[in-house]
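# Working through the structure, step by step
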Amino acid sequence: MRLQGGFADQSLHVMLEGYGWMPNLRRRVGADVVRTRVMGQRAVGLSGPEAARFFYDEKHVQRHDAIPSPVLSTLFGHGAVHTLDGDVHRSRKSYFMSVVTPESIASLVQCVAAAWEDTVIGWRPGHEVVLFDEASRALTAGVRRWAGVPVETDEVKDLAADLVAMVDGFATAGPRHWRARLARNRREAWLGSLIQDVRDGKSDAPSGSALDLVARSRELDLRTAAVELLNVIRPTVVVCWFVAYAGHALHLCPQYRQPLQAGGEFAVAFAHELRRFYPFAPFIGGRAVQDLTYQGEQIPAGSLVLLDLYGQNHDSRLWTDPYRFDPRRFLGHEIGEWELVPQGAGDPHTGHRCPGEPFTVAILAELCTRLSHLDYQVPEQDLTISLSRIPARPRSGFVLIPTARH
């Protein structure tokens with residue numbers, strides 16, 4: 001069936017419906033391909049593994065000039081690798097992929113786990129803690145150590161707040177957005193000064209660290225080097241969203257606590273299910289590089305092409321009972337590169353899929369296992385997760401009360 005969406009601008013609907021906007025639009029017109037307008041521009045919405053293959057083919061869709069300036073000014077940074085295509089994109093991305101090794105992943109997990117233990121030790125029995133906030137600080141402390149970025153202990157809280165703000169304000173207007181802009185400007189300037197000191201020989205960076213990598217790269221001007229170093233650090237702290245979701249999931253589905261305590265394969269499956277089930281990125285966009293045809297539908301050159309990530313991760317044609325949280329669906333299941341798409345799809349070496357995904361899964365599996373071993377109570381609180389808020393999160397941040405000192 002080839003039904004089309006309307007051509008009225010949908011920007012207000014995106015803000016009101018959030019993650020449900022494109023799935024709702026596709027449901028209303030009864031098709032996986034829908035035409036619409038967003039921010040005054042013609043757009044085509046797509047969903048599904050074949051749509052992902054089509055979207056990530058650079059002969060069809062490119063990211064250059066497609067990411068809105070407000071998103072660049074908060075989440076990614078102007079001139080970031082996310083804005084590039086073709087050989088330039090692959091060359092820049094090679095910096096990121098060079099650190100995606102089993103040894104590097106294990107090192108980051110170890111740094112984060114140590115910071116998590118330092119955090120948990122400070123929890124006092126009977127006193128409330130907000131899991132989202134505590135996780136953000138532990139992740140910040142761990143990744144800054146791994147990246148070779150010097151930060152005093154008493155500065156971690158402020159750094160974590162800025163890194164969270166950049167993510168929390170990328171898809172909204174008002175105070176959250178302006179906090180995000182100010183945070184990015186502040187941290188780009190700070191990292192730029194650190195990189196300049198290393199380049200000038202005024203300070204040293206640990207050999208092989210992310211700071212050392214970008215400082216030694218003469219292909220990156222100072223501002224771009226700061227942008228890309230921040231894009232190494234920031235995504236690790238984003239895991240705090242999923243740690244809060246883990247608390248939420250274990251509270252609602254306590255039957256998974258015991259198998260999670262064993263870690264290993266089940267912990268990885270639990271991490272995948274968190275990334276599939278809970279909302280983070282609603283969709284991603286690019287621009288048609290020429291007149292295209294997809295499933296018999298014409299896509300004019302220059303149109304926005306939107307790939308529905310949240311809809312694909314909750315598609316009953318791909319996932320049995322998709323609105324049920326069940327990590328067992330990933331046990332013994334090899335995930336195709338076009339199937340589970342919380343951080344994009346395809347091959348991260350050649351396309352725009354997030355190169356930090358293996359780090360995310362490994363850190364999340366480790367922290368979820370450690371969380372499952374903690375003794376705590378969950379007080380009465382607002383655990384709702386609004387799908388109109390992007391990025392979504394448990395409204396309370398997930399409050400827990402430790403019942404024993406760890």
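Up top is the structure.
An account of the accompanying structure is given in this report. Everything numeric here is computed off the predicted structure, so don't read it as measured data.

Counting secondary structure elements, the chain contains 16 helices and ten strands. In summary, the chain has a C-alpha radius of gyration of 21 Å against a globular reference of 22 Å for 406 residues, a match within 12%. Overall, the chain is about 60 × 55 × 40 Å in size when its C-alpha atoms are taken along their principal axes. Expressed as a percentage of the 406 residues in the chain, the buried residues total 58%. By sequence separation, contacts in the chain at least 24 residues apart represent 73% of the contacts at least 6 residues apart. On the chain, roughly 17300 Å² of surface is accessible, and the fraction owed to carbon and sulfur atoms is 53%. Computing the positive centroid from 44 side-chain charges and the negative centroid from 46, the chain places the two 4 Å apart.

Glancing now at the sheet that holds strand E5 (residues 283–288). Strand pairing in a sheet relies on backbone hydrogen bonds, with the paired strands running either antiparallel or parallel. Across the sheet, which stays open at both edges, the five strands sit in the order E1-E2-E8-E5-E3 with mixed pairing between neighbours. Edge positions in the sheet fall to strand E1 (34–38) and strand E3 (61–62), since each of these pairs with one other strand and no more. Across the face of the sheet, helix H2 (residues 21–29) comes into contact with E1, strand E2 (41–46), E5 and strand E8 (304–308) while running at roughly 135° to E1.

The terminal C-alpha atoms of helix H12 (residues 239–252) lie 20 Å apart, and with 14 residues this matches the ideal 20 Å at 1.5 Å per residue to within 8%. Along H12, the residues that are buried comprise Val239, Cys240, Trp241, Phe242, Val243, Ala244, Tyr245, Ala246, Gly247, His248, Ala249 and Leu250.

Now for the packing of helix H9 (residues 175–199) against helix H11 (residues 222–237). Pairs of packed helices are described in terms of their axes, by the angle between the two and the distance that separates them. Two elements in contact, H9 and H11, have axes separated by 8 Å at closest approach and are oriented at 110°. By the angle between their directions, the pair H9 and H11 is classed as roughly perpendicular. Remark: the crossing between H9 and H11 carries right-handed chirality. In this structure, H9 contributes Arg184, Arg187, Glu188, Leu191, Gly192, Ile195, Gln196 and Arg199 to the contact, and H11 contributes Leu222, Arg223, Ala225, Ala226, Val227, Leu229, Leu230, Asn231, Ile233 and Arg234. Across the contact of H9 with H11, the residue classes break down as nine nonpolar, three polar and six charged.

What follows is about a negative patch on the surface. On the surface, a cluster of negative charge is made up of Glu152, Asp154, Glu155 and Asp158. Counting through the fold element by element, aspartate 154 comes out in the loop between helix H7 (131–147) and helix H8 (156–168). Judged by its relative accessible area of 62%, aspartate 154 falls in the exposed class.

A word on a nonpolar patch on the surface. Taken together, Leu12, Met15 and Leu16 make up a surface patch of nonpolar side chains, about 350 Å² in accessible area. Residue placement: methionine 15 occurs in helix H1 (residues 11–17). For methionine 15, a relative accessible area of 56% translates into the label exposed.

Bringing the packing of aromatic side chains into the picture now. In the structure shown here, the tally under the stated rule is 19 aromatic pairs. Judged by centre distance (5.3 Å) and plane angle (75°), the ring pair of phenylalanine 55 and tyrosine 56 falls under edge-to-face. Given the relative accessible area of 2%, phenylalanine 55 is considered buried. Judged by centre distance (5.6 Å) and plane angle (85°), the ring pair of phenylalanine 277 and phenylalanine 325 falls under edge-to-face. Of this pair, phenylalanine 277 sits in helix H14 (residues 264–277) while phenylalanine 325 sits in the loop between helix H15 (309–312) and helix H16 (357–373), and the two are 48 residues apart along the sequence. On the basis of relative accessibility, which here comes to 19%, the residue phenylalanine 277 falls in the buried class. Here phenylalanine 325 falls in the buried class, since its relative accessible area comes to 7%. Ring-pair connections join several aromatic residues into one group, and the members of that group are Phe132, Trp241, Phe242, Tyr245, Tyr256, Phe266, Phe270, Phe277, Tyr278, Phe280 and Phe325. Of note, arginine 187 hangs over the ring of tryptophan 190, and the distance from its end group to the ring centre comes to 5.2 Å. Here the basic side chain of arginine 393 rests over the ring of phenylalanine 132, its NZ or CZ set 3.8 Å away from the ring centre.

Okay, the side chain of glutamine 381 next. Looking at where glutamine 381 falls in the secondary structure, it is placed in the loop between strand E9 (376–377) and strand E10 (399–402). Side-chain polar atoms of glutamine 381 contact the side chain of serine 396, separated by 2.5 Å.

Cut-offs applied
- Residues numbered from 1 in each chain as written.
- Predicted model: local features only at pLDDT ≥ 70, side-chain atom pairs only at ≥ 80, totals over all residues.
- Heavy atoms only, no water.
- Helix = DSSP H or I, 4+ residues; strand = E, 2+ residues; numbered from the N terminus.
- Rg over C-alpha atoms; globule rule 2.2 N^0.38 Å.
- Buried < 20%, exposed > 50% of the residue type's maximum accessible area, 1.4 Å probe, protein only.
- Contact = heavy atoms within 4.5 Å.
- Areas by Shrake-Rupley, 256 points an atom, 1.4 Å probe, with all protein chains shown as cover.
- Lys, Arg positive; Asp, Glu negative; His and termini not counted.
- Charge placed at Lys NZ, Arg CZ, Asp CG, Glu CD.
- Pairing = 2+ DSSP bridges.
- Axes fitted to C-alpha atoms, helices over the stretch in contact; angles between N-to-C directions.
- Expected span 1.5 Å × (residues − 1).
- Parallel < 35°, antiparallel > 145°, perpendicular 65-115°, else oblique.
- Left-handed = near helix turned anticlockwise from the far one by under 90°.
- Nonpolar A, V, L, I, M, F, W, Y, C, P; charged D, E, K, R; others polar.
- Patch = residues over 30% accessible without salt bridge, like charges linked within 9 Å, V, L, I, M, F, W, Y side chains within 5 Å.
- Salt bridge = Lys/Arg side-chain N within 4 Å of Asp/Glu carboxyl O.
- Phe/Tyr/Trp six-rings, centres within 6.5 Å; stacked < 30°, edge-to-face > 60°.
- Lys NZ or Arg CZ within 6 Å of the ring centre and 35° of its normal.
- Polar contact = N/O pair within 3.5 Å; in protein donor to acceptor, adjacent residues only side chain to side chain.

Interpretation note: all reported values are geometric properties and have no functional meaning in isolation.
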